[in-house]
Amino acid sequence: MSGLECVANVSEGRQPNVIARLRASIECIPGVSLLHVDSGYDAHRTVFTFVGAEDAMVAAVVSLGKACAELIDMRGHSGNHPRIGALDVCPLIALSPEAELAADRAVNRIATGLASIGLGGWFYAQSAKLEHYQDLAEVRRGEYEGLPARAMSFDFGSYDARFGAVALGKRPFLLAYNINVHSREVGLVREVARRIRQKNPHGLPGVKAIGWDCPAFSCSQVSCNIVDLNQCSPKQLFDRVQEEVHSLGSSLMGSELIGLAPLYAFRDFEHVEAAINYLGLDSVESFNISERILDYRIPSVSTSPHL
């Protein structure tokens, strides 16, 4: 068992040479396995998914944070994804119940390591010191541009205008899942996102959503986080979005998985191939089952509701 998973979200998705150097900052750490790199041009964001034991993961995240500070200047950054810093959000996920304490320790050790190199931010999710910072959207309120007025309240480290801030914490498994809409009308996908998110009385439980334009794929997207796979599966979300999009006069053109998914996510289907076809997961990019299903990359990981 690898113990811990990190799904680090970095505010760079457009310069392959920079992304390669950020990748190298993770891969140079012994004991860490980089499972997937997912870059989005319009979001101007890359998601690095890697696993390892506690000591290796602490070293890898601090190494990545240092590389982000050297290679990314947030003062000139723009993209359609909310962000507060170069290493924008850094969640750690325990891959088994036995790894929960290791995840807690790792979060605190990473905070100390980042602070030692002049970087700072807030704890969020299950590590939050303030109750409302359990919600990542609250940590990001005001985004990067609003940091100067908030930086004195950092939980750890210090403010650096070039780097911004990081949201760091232990959280349960979630699925980052975007649904593609033929219309380029941003107002339409934002309305769909409003209707389906869990904060809406008629929304889907366990779902957070926003809408944005996606010129790189010639579509717009309803960009979602399924924060509780027990309450909502990708199929349930896809079906609801399709219903809402049709009611507004448009149609879907498949969907996009960010990072890796547990096999449990596709429990509505007889096999993963059927899910790929139904959800159109290969509509804008190839979907390699052996690389994108967490269980196949880490055979010992459990896809039970614990994730």
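Above: the structure in question.
Residues numbered from 1 in each chain as written. Predicted model: local features only at pLDDT ≥ 70, side-chain atom pairs only at ≥ 80, totals over all residues. Heavy atoms only, no water.

Right, let's talk about the nonpolar core for a bit. Formed by 58 residues in total, the largest nonpolar core has its most connected members in Leu22, Phe50, Cys68 and Leu87. Element by element, the count of residues in this core is highest for helix H2 (residues 54–71), at 10 residues. When neighbours within four sequence positions are excluded, Leu87 is seen to be in contact with Ala8, Asn9, Val10, Val61, Leu64, Gly65, Cys68, Phe163, Ala165 and Val166. Among the nonpolar cores identified, the runner-up in size contains 42 residues, and Val192, Val245, Ala261 and Ala275 belong to it. (Core = buried A, V, L, I, M, F, W, Y, C linked by side-chain atoms within 4.5 Å. Buried < 20%, exposed > 50% of the residue type's maximum accessible area, 1.4 Å probe, protein only. Helix = DSSP H or I, 4+ residues; strand = E, 2+ residues; numbered from the N terminus. Contact = heavy atoms within 4.5 Å.)

In this section: helix H6 (residues 234–247). Across its 14 residues, H6 extends 20 Å between first and last C-alpha, which sits within 8% of the 20 Å expected from 1.5 Å per residue. Taken together, the buried positions of H6 are Pro234, Leu237, Phe238, Arg240, Val241, Glu244 and Val245. Burial along H6 is one-sided: seen end-on, the buried residues are contained in an arc of 165 degrees. Gly249 occupies a position one or two residues after H6 and carries a positive phi of about 90 degrees. (Expected span 1.5 Å × (residues − 1). Arc of directions from axis to C-beta.)

With that settled, the discussion passes to the sheet that holds strand E4 (residues 87–94). The strand order across the open sheet formed by six strands is E2-E3-E1-E4-E6-E5, and the pairing between neighbours is mixed. The open sheet has two free edges, formed respectively by strand E2 (33–40) and strand E5 (121–123), since each of these has just one partner strand. In this sheet, adjacent strand axes meet at a mean angle of 15 degrees when their direction is disregarded. In this sheet, strand E3 (residues 45–52) lies alongside strand E1 (residues 4–10) in antiparallel orientation, the contact comprising seven bridges. Residue Glu5 lies in a different strand from E3, and its bridge partner there is Val51. Contacting E1, E4, E5 and strand E6 (166–170), helix H3 (residues 100–116) runs over the sheet at an angle of about 155 degrees to E6. (Pairing = 2+ DSSP bridges. Axes fitted to C-alpha atoms, helices over the stretch in contact; angles between N-to-C directions.)

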